[in-house]
Amino acid sequence: MSALVDAINGYIWSLPLIYLCLGVGLYFSLRTRFLQIRHIKEMVRLMFKGESSPAGISSFQALALSLSGRVGTGNIAGVATAITFGGPGAVFWMWVVAFLGAGTAFIESTLAQIYKEKDDNGLYRGGPAYYIEKGLGMKWYAWIFAFATIIGCGLLLPGVQANSIASGIENAFGIPTSVSAAVVVVLLGLIIFGGIKRIAHFTQVVVPFMALGYILVAFVIIVMNISMLPEVVSLIVGSAFGLQAGFGAILGLAIEWGVKRGIYSNEAGQGTGPHAAAAAEVSHPAKQGLVQSFSVYIDTLFVCTATAFMVIITGAYNVMGKTGEAIVEKLPGVSAGPGYTQAAVESVMPGFGSIFVAVALFFFAFTTILAYYYIAETNVAYINRQVHRPWLVFVLKLALMASVVYGAIRTAELAWGLGDIGVGLMAWLNIVAILLLQKPALIALKDYEAQKAKGLDPTFDPTKLGIKNADHWVKDKKAKSGLVGDEVVADAQVERS
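This section reports on the structure supplied with the text. Throughout, a residue's number is its position along its own chain's written sequence, starting from 1. Local features are withheld for residues below a pLDDT of 70 in this predicted model, meaning they are given only at 70 or higher, and side-chain atom pairs are given and counted only at 80 or more; totals for whole chains, interfaces and linings count all residues. No hydrogens and no water enter the side-chain calculation; it runs on all heavy atoms of the structure.

### Examining unusual backbone geometry
Reasoning step 1: Phi is positive for Arg33, which is not a glycine, with a value near 55 degrees.
Reasoning step 2: Judged by its relative accessible area of 48%, Arg33 is partly exposed. When accessible area is computed with a 1.4 Å probe and restricted to protein chains, residues below 20% of their type maximum are described as buried, those above 50% as exposed, and intermediate ones as partly exposed.

### Some details on the pattern of salt bridges
Reasoning step 1: Between Lys or Arg on one side and Asp or Glu on the other, a salt bridge is scored when a side-chain nitrogen of the former is within 4 Å of a carboxyl oxygen of the latter. According to the stated counting rule, one finds 10 salt bridges in the structure shown.
Reasoning step 2: A salt bridge links Glu449 to Arg33; its shortest N-O distance comes to 2.8 Å. Here Glu449, found in helix α20 (residues 439-453), pairs with Arg33, found in the loop between α2 (15-31) and α3 (35-38); they are 416 residues apart in sequence, far enough to count as distant.
Reasoning step 3: With relative accessibility at 18%, the residue Glu449 sits in the buried group.
Reasoning step 4: Among the ionic contacts, a cluster of salt bridges with common partners joins Glu117, Glu133, Lys134 and Arg385. Each helix corresponds to a stretch of at least 4 residues labelled H or I by DSSP, and each strand to a stretch of at least 2 residues labelled E; elements are numbered beginning at the N terminus.

### Some thoughts on the nonpolar core
Reasoning step 1: By convention a nonpolar core is built from buried Ala, Val, Leu, Ile, Met, Phe, Trp, Tyr and Cys residues, the set being connected through side-chain atoms within 4.5 Å. Residues Ile107, Leu111, Tyr131, Leu188, Phe366 and Val404 are the most contacted members of the largest nonpolar core, which totals 92 residues.
Reasoning step 2: Among the elements that make up this core, the one with the highest residue count is helix α17 (residues 353-383) (14 residues).
Reasoning step 3: Among residues more than four places away in sequence, those in contact with Phe366 are Ile165, Val184, Leu187, Leu188, Ile191, Phe202 and Leu361. Residue contacts are defined here by distance: any two heavy atoms, one from each residue, within 4.5 Å place the two residues in contact.

### Observations regarding the environment of Met228
Reasoning step 1: As for its placement among the helices and strands, Met228 is situated in the loop between α11 (196-224) and α12 (229-240).
Reasoning step 2: The sequence separation of Met228 and Ile312 amounts to 84 residues, and the corresponding C-alpha distance is 9.7 Å.

### Some thoughts on α20
Reasoning step 1: A helix is expected to span 1.5 Å for every residue after the first. An ideal rise of 1.5 Å per residue puts 21 Å on 15 residues; α20 measures up with 21 Å between its terminal C-alpha atoms.
Reasoning step 2: Of all the residues in α20, the buried ones are Pro440, Ala441, Leu442, Ala444, Leu445, Asp447, Tyr448, Glu449 and Gln451.
Reasoning step 3: Along its buried surface, α20 packs onto α2, α3, α4 (40-47), α7 (89-114), α15 (285-313) and α21 (462-465).
Reasoning step 4: Gly455 lies just past α20 and shows a positive phi near 80 degrees.

### What to know about helix α10 (residues 177-192)
Reasoning step 1: Compared with an ideal rise of 1.5 Å per residue, which puts 16 residues at 22 Å, α10 spans 22 Å between its outermost C-alpha atoms and is within 8% of the ideal.
Reasoning step 2: Turning to α10, its buried residues are Thr177, Ser180, Ala181, Val184, Val185, Leu188, Gly189, Ile191 and Ile192. Down the axis of α10, the buried set is contained in an arc of 165 degrees. They therefore lie on one face. Facing away from the buried side of α10 by over 90 degrees, the exposed positions are Val186 and Leu190. What the arc describes is the spread of directions from the helix axis to the C-beta atoms.

### Considerations on the packing of aromatic side chains
Reasoning step 1: Whether two aromatic rings pair depends on their centres lying within 6.5 Å, for rings of Phe, Tyr and Trp, where Trp uses its six-membered ring; planes under 30 degrees apart make the pair stacked, over 60 edge-to-face, and the rest tilted. In total, this model carries 18 aromatic pairs according to the counting rule given.
Reasoning step 2: With a centroid separation of 5.6 Å and an interplanar angle of 25 degrees, the aromatic rings of Trp140 and Tyr141 are classed as stacked.
Reasoning step 3: By relative accessible area, which is 57% here, Trp140 ends up exposed.
Reasoning step 4: Given the relative accessible area of 8%, Tyr141 is considered buried.
Reasoning step 5: Three or more aromatic residues joined by ring pairs make a cluster, and in this case those are Phe92, Trp93, Trp95, Phe241 and Phe309.
Reasoning step 6: The positively charged end of Lys116 is found above the aromatic ring belonging to Tyr124, 3.9 Å away from the centroid. Sitting over a ring, as applied to charges here, requires NZ of Lys or CZ of Arg to be within 6 Å of the ring centre and within 35 degrees of the ring normal.

Structure representation (structure tokens):
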């Protein structure tokens, strides 16, 4: 099984995808005139603006929901894996992916808002499958993405998160992985059977708390070793370009693993973030696009960097060469994963490290599983729009729970390999789609900036901008103008209430 998974990943995560992710991020950064720098203040302001409605969640809830998918085991175990196989320089390339990926995240999330619609329960749904069908008119491609995402987020990716939860708890408390799996499945069932509103309310409380707590502990460790910080930064940057002795031979691996783990962690271009973005209640698509761009910074530049600095500054890591030989071996017998971070915190705070990381990892990974479920469910809703199959959602829930149990008790290498297949498939499909369908998002950005320059609170009129098939926005605009029938007007009144 492991050999087959590795062979598939060899094709999916070939050099073309690595270069495509970096190239697309740079391209969209240029096309948006580096909005990730120009609009940082606006991103922060918008995070706390807006209210939820019967149809949609607030901007902050959507941010928390997307962050619950971004801030997961990739921020702890994923960083450790990147350092092991790419050296400290991989961290630099994770930063590059995050910076450039903010532009990509804006495009895909704005498109999700433009082409969102309401499902049978009156809730907003959207994402790549929706904007591929409506924006590109390629329904067959949209179905391929929907199926790939259901398989990736419903079956392949949850196992990675569950494996890290089980490993972290076993290291800290000696509890068997099978017991951890059972507890996670029960808690998961209690939440996912409550729908998107329950998931959103849970994540908006847990995500900020867990991220801030984790960063605070990292800050304490860094301050306690502050004299080593310049050396750590020099090591990361130097290794990223093969300038550090011993790491020159794995320069290519530093880029490969930095990009791979960067995408896995911040999800920019992967096509998962747009699902949460589409669920937000906003007056202009660019608003949520900007908020989602900032979530990439929170994930990689804050949380992933916290992990990297803790691990490297305390020397709690190993680095392997291309043929499996040890280039650096500071933790003999410890495999890449949460054990690195646990050892790092434990070295500074004895008796606290393993427990803290296990708890942090539980919340990080658990909320990510919730996000994966929501993403998979949104794509089930997409294929259910015309021929209703309500039993598919129930099957999805059971399949995801089974994936959690399987991932928790299997080896970390197999779990990560399966997860990489899911991420890679979605990234290929989504990046090609947003390259073909970039124009509406760029038009929306220009319109947003023009309205802001006039001192207005931007609103969106797709007809005026020449954007077709943005049905929800057209209907909403007409309803607010009182130009359509009683049914739509009544629907708009419900939304406003």
